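Descriptive analysis of the structure
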Amino acid sequence: MIRSALIPAAALLLAGCASSPNDGWIAREGAMPYESARAACQEISYGIEVNYITCMAGRGWTKPKT
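Residues numbered from 1 in each chain as written. Predicted model: local features only at pLDDT ≥ 70, side-chain atom pairs only at ≥ 80, totals over all residues. Heavy atoms only, no water.

W25, Y34, A37, C41, Y52, C55, M56 and W61 together form the largest nonpolar core, which totals eight residues. At the level of elements, α2 (34–44) and α3 (49–58) are the ones that each hand at least two residues to this core. Beyond its immediate chain neighbours, meaning those up to four positions away, C55 contacts C41 and I44. (Core = buried A, V, L, I, M, F, W, Y, C linked by side-chain atoms within 4.5 Å. Buried < 20%, exposed > 50% of the residue type's maximum accessible area, 1.4 Å probe, protein only. Helix = DSSP H or I, 4+ residues; strand = E, 2+ residues; numbered from the N terminus. Contact = heavy atoms within 4.5 Å.)

To continue, consider the environment of R28. Along the chain, the position of R28 falls in the loop between β1 (26–27) and α2. Those residues in contact with R28 that lie beyond four places of it in its chain are A57, G60 and T62.

A surface patch of nonpolar side chains, about 370 Å² in accessible area, is lined by Y46, I48 and V50. Residue position: V50 is located in helix α3. Look at V50 and you get exposed, because its relative accessible area is 58%. (Patch = residues over 30% accessible without salt bridge, like charges linked within 9 Å, V, L, I, M, F, W, Y side chains within 5 Å. Areas by Shrake-Rupley, 256 points an atom, 1.4 Å probe, with all protein chains shown as cover. Salt bridge = Lys/Arg side-chain N within 4 Å of Asp/Glu carboxyl O.)

On to the packing of aromatic side chains, then. Enumeration over the complete set of coordinates arrives at two aromatic pairs. Judged by centre distance (5.8 Å) and plane angle (75 degrees), the rings of W25 and Y52 are edge-to-face. Here W25 is found in the loop between α1 (2–17) and β1, whereas its partner Y52 is found in helix α3, with 27 residues between them in sequence. Overall, Y52 belongs to the buried group, its relative accessible area being 15%. (Phe/Tyr/Trp six-rings, centres within 6.5 Å; stacked < 30°, edge-to-face > 60°.)

Before going further, it helps to examine the side chain of S45. Tracing the chain through its elements places S45 in the loop between α2 and α3. Those residues in contact with S45, other than ones at most four positions away along the chain, are N51 and Y52.

Another aspect to go through is the state of the cysteines. Inspection of the entire model under this criterion finds one disulfide. Residue C41 pairs covalently with C55 via a disulfide, S to S 2.0 Å. Handedness of the C41-C55 disulfide follows from its S-S torsion of about -80 degrees: it is left-handed. Here the residue C41 occupies a position in helix α2, and C55 occupies one in helix α3, the gap between them amounting to 14 residues. (Disulfide = S-S within 2.5 Å.)

Three or more residues of α3 are buried, namely Y52, C55 and M56. Along the axis of α3, the buried positions cluster into a sector of 95 degrees, meaning they face one direction only. For α3, the exposed residues set more than 90 degrees away from the buried face come down to V50, T54 and G58. Of the residues flanking the end of α3, it is G60, one or two places downstream, whose phi is positive at about 95 degrees. (Arc of directions from axis to C-beta.)

Set out below in structure tokens:
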């Protein structure tokens, strides 16, 4: 019984370590939640970085140039 409770808890901990909360993107006021914006933009950008950046900006997220 304890074992079955530990598996989901471990999965949640590992998922949280997989990536940073917003991968360096900065939210403007009123920005869409990061995960929602990221998922939508990945789907509609067709793997083209400029499209992805433009999409994220339209949802309130910018990434500083490095």
